Amino acid sequence: MIVDLRTYTMVPGRLKAFLELYEKEGLPIQLKHLGNLLGYFVTETGTQNQVVHLWGYESAADRERRRTAMENDPDWIAYRRKSAEAGNVQHQTNKLLRSTSFSPSSSQ
């Protein structure tokens, strides 16, 4: 299993606006294409104004195929434009994680 761990840091005061727009318009498109949402979180301690989400894939090739389809979806393109215009996101990082043989998620 491959896990795509994404962390978005919001402009202070913009977290609620980001979450509202994402839940209404972005999430349905991502679920359609990416499918396996493992979790979606906001930070309570440490760096504030962050959203952390994890998406599971069978392999790197599965991730690439699914993300390519999403990036070509006109609805996703429109959402990304609207999100950028809203100016909510300040910084983004993502990491691809590969499960170990003894990880509970390795058989998924």
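In what follows, the accompanying structure is described. It should be emphasised that the depicted structure is a prediction, and the values quoted were computed from it without experimental measurement.

The next thing to look at is the overall build of the chain. Across its full length, the chain holds three helices and four strands. Reading the helices (α) and strands (β) of the chain from amino to carboxyl end gives β-α-β-β-α-α-β. Relative to the 2.2 N^0.38 estimate, which gives 13 Å for 108 residues, the radius of gyration of the chain is 14 Å and therefore close to what a compact globule would have. Seen through its principal axes, the chain has C-alpha atoms that stretch 40 × 35 × 20 Å. By residue count, 38% of the 108 residues in the chain fall in the buried class. As presented, the chain carries roughly 6700 Å² of accessible surface, and 53% of it is formed by carbon and sulfur atoms. The positive charge centre, built from 14 side chains, and the negative charge centre, built from 12, are 2 Å apart in the chain.

Attention shifts here to unusual backbone geometry. Of note in this structure, N49 is not a glycine but carries a positive phi near 60 degrees. Among the secondary structure elements, N49 is positioned in the loop between strand 2 (37–42) and strand 3 (50–57). Its relative accessible area of 24% is what places N49 among the partly exposed residues.

The final tally for this structure, using the stated rule, is nine salt bridges. One salt bridge connects R6 with D4, and the closest N-O pair in it is separated by 3.0 Å. Taking relative accessible area as the criterion, R6 reaches 6% and is therefore assigned buried. A relative accessible area of 0% places D4 in the buried class. The partner of D73 in a salt bridge is K32, and the shortest N-O contact between them spans 3.2 Å. In this pair, D73 sits in the loop between helix 2 (60–71) and helix 3 (74–86) while K32 sits in helix 1 (residues 15–33), placing the two residues 41 residues apart along the sequence.

Rules used in this analysis
- Residues numbered from 1 in each chain as written.
- Predicted model: local features only at pLDDT ≥ 70, side-chain atom pairs only at ≥ 80, totals over all residues.
- Heavy atoms only, no water.
- Helix = DSSP H or I, 4+ residues; strand = E, 2+ residues; numbered from the N terminus.
- Rg over C-alpha atoms; globule rule 2.2 N^0.38 Å.
- Buried < 20%, exposed > 50% of the residue type's maximum accessible area, 1.4 Å probe, protein only.
- Areas by Shrake-Rupley, 256 points an atom, 1.4 Å probe, with all protein chains shown as cover.
- Lys, Arg positive; Asp, Glu negative; His and termini not counted.
- Charge placed at Lys NZ, Arg CZ, Asp CG, Glu CD.
- Salt bridge = Lys/Arg side-chain N within 4 Å of Asp/Glu carboxyl O.

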